[in-house]
Amino acid sequence: MIPLADRFGRVATDLRVSLTDRCNLRCTYCMPEEGLAWLPREQQLTDDEVNRLIRISVETLGIEDVRFTGGEPLLRRGLVGIVRAAAQLEPRPRLMLTTNGIGLERLAGPLREAGLDRVNVSLDTLDPARFTALTRRDRLADVLRGLEAAAAAGLTPVKINTVLMRGINDDEAPALLRFALDHGYQLRFIEQMPLDAQHQWDRHTMVTADEILADLEPYGLLPDPVSRGTAPAETWLVPGHVDAAGEPARVGVIGSVTRPFCGDCDRTRLTADGQVRNCLFATAESDLRKLLREGASDDQLAEAWRVAMSGKRAGHGIDDPAFLQPARPMSAIGG
């Protein structure tokens, strides 16, 4: 097996698979109110094509973790079947899903039965009015029920992803952590990144990791003795609390902008239309869909993937004056 290595010695073992660019929310920091021009169906990978590329990544390229993303992956009609196919691979990869939680109440059980291991649910506020203003949809109750269903189905630890925005929800960090602790969920705060479709991101208005941690000081957080490894989140223990499994409760901060972890990055990304991205902030992609549909062999596809990853840059370069925001927004890349 020849892995997905780059010239800096990093090896990709974590695959993020975007199953659709469509979403049923219109979050203000992600896309305009009217939505975006979605990919034509013929440009999207079919279920069989997705399954084949995941199989190659696991059996030939050493992928150990597969995370299904979007857009909103629960909108993919073939999602349960895709998860089931991935769960039957040898060696079996760990299977995760990142979702906004709408529809999870209905699908948590079938996804668990198909082989999904756990979920991350995006939740930026506990205030119904704020949720509606942020997402342009009145669906907070659906998200909360989705969280409950995921926990009941055994998709644990259930993690919550939260983006704080100055002047909008930056006062909610303590309340969100209290909510997570009370329900046995694991909370991850994520610095807002320059991946919005409107290209209006402003570093000066971003809530930083240091600010988030300062807001959580009343909890007396302690450094996590468990090594972070290649995980994107720095984690802290919350004294006096345990999670749903009885382990010490933890809270994480993903400081992608102010505390970059590029040197330990182990991720490779596949978009819904079959493009390999070697970095979330890459400005170039490698087309596997074209090779697939021209009859390429598994070995040829694997080699094209290796070549794509070999050119990965040392870092995302957000602090570089020459930094260019990717043309695709997050909804079209996958988290």
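Residues numbered from 1 in each chain as written. Predicted model: local features only at pLDDT ≥ 70, side-chain atom pairs only at ≥ 80, totals over all residues. Heavy atoms only, no water.

Asks: What's the story with the environment of Ala214 in this structure? I'm lost.
Replies: By secondary structure assignment, the location of Ala214 is in helix H7 (residues 209-215). For Ala214, a relative accessible area of 39% gives the class partly exposed. Once the C-alpha coordinates of Ala214 and Ala173 are considered, the two residues, 41 residues apart in sequence, prove to be 9.9 Å apart. (Helix = DSSP H or I, 4+ residues; strand = E, 2+ residues; numbered from the N terminus. Buried < 20%, exposed > 50% of the residue type's maximum accessible area, 1.4 Å probe, protein only.)

Asks: What exactly am I supposed to notice about the pattern of salt bridges here?
Replies: Evaluation of the coordinates by the stated rule reveals 25 salt bridges. A salt bridge links Arg139 to Asp142, with the shortest nitrogen-to-oxygen separation between them at 2.9 Å. The shortest N-O distance in the salt bridge between Glu303 and Arg306 comes to 3.0 Å. Of this pair, Glu303 and Arg306 both sit in helix H9 (residues 298-310), separated by three residues, roughly a single helical turn. Among the residues examined, Arg306 registers a relative accessible area of 13% and is labelled buried. What you see here is one network of salt bridges that share partners, running through Arg52, Arg55, Glu59 and Asp298. (Salt bridge = Lys/Arg side-chain N within 4 Å of Asp/Glu carboxyl O.)

Asks: So what exactly am I meant to see when it comes to helix H3 (residues 104-114) here?
Replies: Along an α-helix, residues three or four positions apart point the same way, because every turn accommodates 3.6 residues. If you check which residues of H3 are buried, you get Leu104, Leu107, Ala108, Leu111 and Ala114. Take H3 and look down its axis: the buried residues cluster within an arc of 135°, on one side only. Residues of H3 that are exposed and point more than 90 degrees away from the buried face comprise Arg106 and Glu113. Structurally, H3 contributes buried residues whose contacts are with helix H2 (79-87), strand E5 (94-99), strand E6 (118-122) and helix H5 (140-153). Count one or two residues on from H3 and you reach Gly115, which has phi positive near 125°. (Arc of directions from axis to C-beta. Contact = heavy atoms within 4.5 Å.)

Asks: Help me out: how do you make sense of the nonpolar core in this one?
Replies: Nonpolar side chains in soluble globular proteins tend to be buried together. Among the nonpolar cores identified, the biggest contains 80 residues, and Ile54, Phe68 and Phe189 are the most heavily contacted of them. Of the residues forming this core, the biggest block, six residues, is contributed by helix H6 (residues 173-183). Look past the residues within four positions of Phe189 in its chain and what remains in contact with it is Thr162, Leu164, Ala173, Leu176, Ile212, Leu216, Val251, Gly252, Val253 and Ile254. Residues Met165, Ile190, Ala233 and Phe261 belong to the second largest nonpolar core, which totals seven residues. (Core = buried A, V, L, I, M, F, W, Y, C linked by side-chain atoms within 4.5 Å.)

Asks: Would you explain the sheet that holds strand E13 (residues 275-277) in this entry?
Replies: Pairing between the strands of a sheet comes from backbone hydrogen bonds, and it takes one of two forms, parallel or antiparallel. One open sheet accounts for 12 strands, arranged E9-E10-E11-E8-E7-E6-E5-E4-E3-E12-E13-E14; its pairing is mixed. In this open sheet, the two edge strands, each paired with only one partner strand, are strand E9 (222-223) and strand E14 (286-287). Sheet topology places strand E7 (residues 159-162) next to strand E8 (residues 186-190); four bridges connect them, and they run parallel. Its bridge partner being in E8, Ile160 is matched across the sheet by Leu187. Of the strands in this sheet, strand E4 (65-69) and E5 touch H2, which is tilted by about 155° from E5. Contacts from H9 reach strand E3 (14-18), strand E12 (267-270), E13 and E14 within the one sheet, and its direction differs from that of E13 by about 35°. (Pairing = 2+ DSSP bridges. Axes fitted to C-alpha atoms, helices over the stretch in contact; angles between N-to-C directions.)

Asks: Help me understand the packing of H2 against H3, please; the structure alone is not making it clear to me.
Replies: Two quantities define a packed helix pair, namely the angle between the axes and the distance from one axis to the other. Where H2 contacts H3, the axes come no closer than 8 Å and their chain directions differ by 25°. Viewed along their axes, H2 and H3 adopt a mutual orientation that is roughly parallel. For the pair H2 and H3, the sense of crossing is right-handed. When H2 is examined against H3, the residues Leu79, Val80, Val83, Arg84 and Ala87 are found in contact with a partner set consisting of Leu107, Pro110, Leu111 and Ala114. (Parallel < 35°, antiparallel > 145°, perpendicular 65-115°, else oblique. Left-handed = near helix turned anticlockwise from the far one by under 90°.)

Asks: Honestly, the environment of Cys27 in this entry has me stumped. Any pointers?
Replies: Relative to the helices and strands, Cys27 resides in the loop between E3 and helix H1 (47-59). Between the C-alpha atom of Cys27 and that of Gly154, which follows or precedes it by 127 residues, the distance is 28 Å. Setting aside residues no more than four positions away along its own chain, Cys27 makes contact with Leu134, Thr135 and Arg136.

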